[in-house]
Amino acid sequence: MTLNLEQIKEIIPHRDPFLLIDEIIELEPGVKAAALKRLTGDEYWFKGHFPQKPVQPGVLMLEMLAQTGAVCALSMPENKGRIAYFGGLDKVKFRNMVFPGDTLKLEVEMIRSRGSVGVGKGIATIVGSGKKAVSAEFTFALGDAEPPAESN
């Protein structure tokens, strides 16, 4: 199963400027997903990271993996309309720098799930060279999308 940007927006709540995946190229709901992110060089973060040599921020690659995992988890019918929140990161390894013009393939596999908490394993690879950019395990918690009640 593949999803375009508009279909992704029907599953996860992220929007510009923080929707960081372009398309889903593989999806098995609740099991695994793969996405692409094409880095054009026009992304706002390249202006300051770093002006003399733009490099993709590692923390944003982790967010790309998390969004790919969120599509995987939230595409299950019972999770429709929920939000996936970060619960933790483990075994993070930054392996190669990523630059404007690169395309990242983001692959996530769910390795544990219990109730509304789960663990995903992700890897980002630079398309063309096949070099690993980052790998990590991340814990997530699914929550309701409703805003908290106002307190007086």
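Here the structure is a predicted model, which is why all the values come from computation and not from measurement. (Residues numbered from 1 in each chain as written. Predicted model: local features only at pLDDT ≥ 70, side-chain atom pairs only at ≥ 80, totals over all residues. Heavy atoms only, no water.)

**Quick word on the sheet that holds strand 5 (residues 117–126)**
Next, step 1: The antiparallel open sheet is built from six strands, whose spatial order is 1-2-4-5-6-3. Each edge of the sheet is formed by a strand with only one pairing partner; in this case those strands are strand 1 (23–28) and strand 3 (83–94). In this sheet, adjacent strand axes meet at a mean angle of 20 degrees when their direction is disregarded.
Next, step 2: Relative to strand 2 (residues 32–38), strand 1 is paired through five bridges, and the arrangement is antiparallel. (Pairing = 2+ DSSP bridges. Helix = DSSP H or I, 4+ residues; strand = E, 2+ residues; numbered from the N terminus. Axes fitted to C-alpha atoms, helices over the stretch in contact; angles between N-to-C directions.)

**Digging into the pairing of strand 4 (residues 103–114)**
Next, step 1: Pairing analysis gives seven bridges linking strand 2 to strand 4, with the strands arranged antiparallel. In the strand pairing of strand 4, Lys-32 is matched with Glu-109.
Next, step 2: Linking strand 4 to strand 5, which pair antiparallel, is a turn of two residues; within it Gly-115 sits at a positive phi near 65 degrees.

**As for the pattern of salt bridges**
Next, step 1: Evaluated as defined, the whole model comprises eight salt bridges.
Next, step 2: Lys-9 is paired through a salt bridge with Glu-6; the nearest N and O atoms lie 3.5 Å apart. With Lys-9 and Glu-6 both in helix 1 (residues 5–9) and three residues apart, this pair spans about one turn of that helix.
Next, step 3: Across the pair Glu-107 and Lys-105 runs a salt bridge, and its minimum N-O distance is 3.8 Å.
Next, step 4: Overall, Glu-107 belongs to the partly exposed group, its relative accessible area being 31%.
Next, step 5: For Lys-105, a relative accessible area of 28% corresponds to the partly exposed category.
Next, step 6: Through salt bridges with shared partners, one network takes in Asp-22, Glu-23, Lys-37 and Arg-38. (Salt bridge = Lys/Arg side-chain N within 4 Å of Asp/Glu carboxyl O. Buried < 20%, exposed > 50% of the residue type's maximum accessible area, 1.4 Å probe, protein only.)

**Notes on the layout of surface pockets**
Next, step 1: There is about 250 Å³ of room inside the largest pocket.
Next, step 2: Lining the largest pocket are 14 residues, with Glu-107, Glu-109, Lys-121, Gly-122 and Ile-123 positioned closest to its centre.
Next, step 3: Of the residues that constitute the lining of the largest pocket, the class distribution is five nonpolar, two polar and seven charged. (1 Å grid on protein atoms, 1.4 Å probe; cavity = no way out; pocket = protein on both sides within 12 Å on 5 of 7 lines; lining within 4 Å. Points joined across faces, edges and corners; volume = space filled by probe spheres on them. Nonpolar A, V, L, I, M, F, W, Y, C, P; charged D, E, K, R; others polar.)

**What about the nonpolar core?**
Next, step 1: Of all hydrophobic cores here, the largest spans 37 residues; its most connected members are Ile-21, Val-71 and Leu-104.
Next, step 2: Counting residues per element, the ones that place at least two in this core are strand 1, strand 2, helix 2 (58–74), strand 4, strand 5 and strand 6 (132–143).
Next, step 3: The biggest single contributor to this core is helix 2, with ten residues.
Next, step 4: If we skip the residues at most four places from it in the chain, Val-71 touches Leu-3, Ile-8, Ile-11, Ile-12, Ile-21, Ile-24 and Leu-27. (Core = buried A, V, L, I, M, F, W, Y, C linked by side-chain atoms within 4.5 Å. Contact = heavy atoms within 4.5 Å.)

**Observations concerning helix 2**
Next, step 1: Taking 1.5 Å of rise per residue, 17 residues should cover 24 Å, and helix 2 covers 24 Å from first to last C-alpha, within 8% of that figure.
Next, step 2: Along helix 2, 16 of the 17 residues are buried, which leaves the element largely enclosed by surrounding structure. (Expected span 1.5 Å × (residues − 1).)

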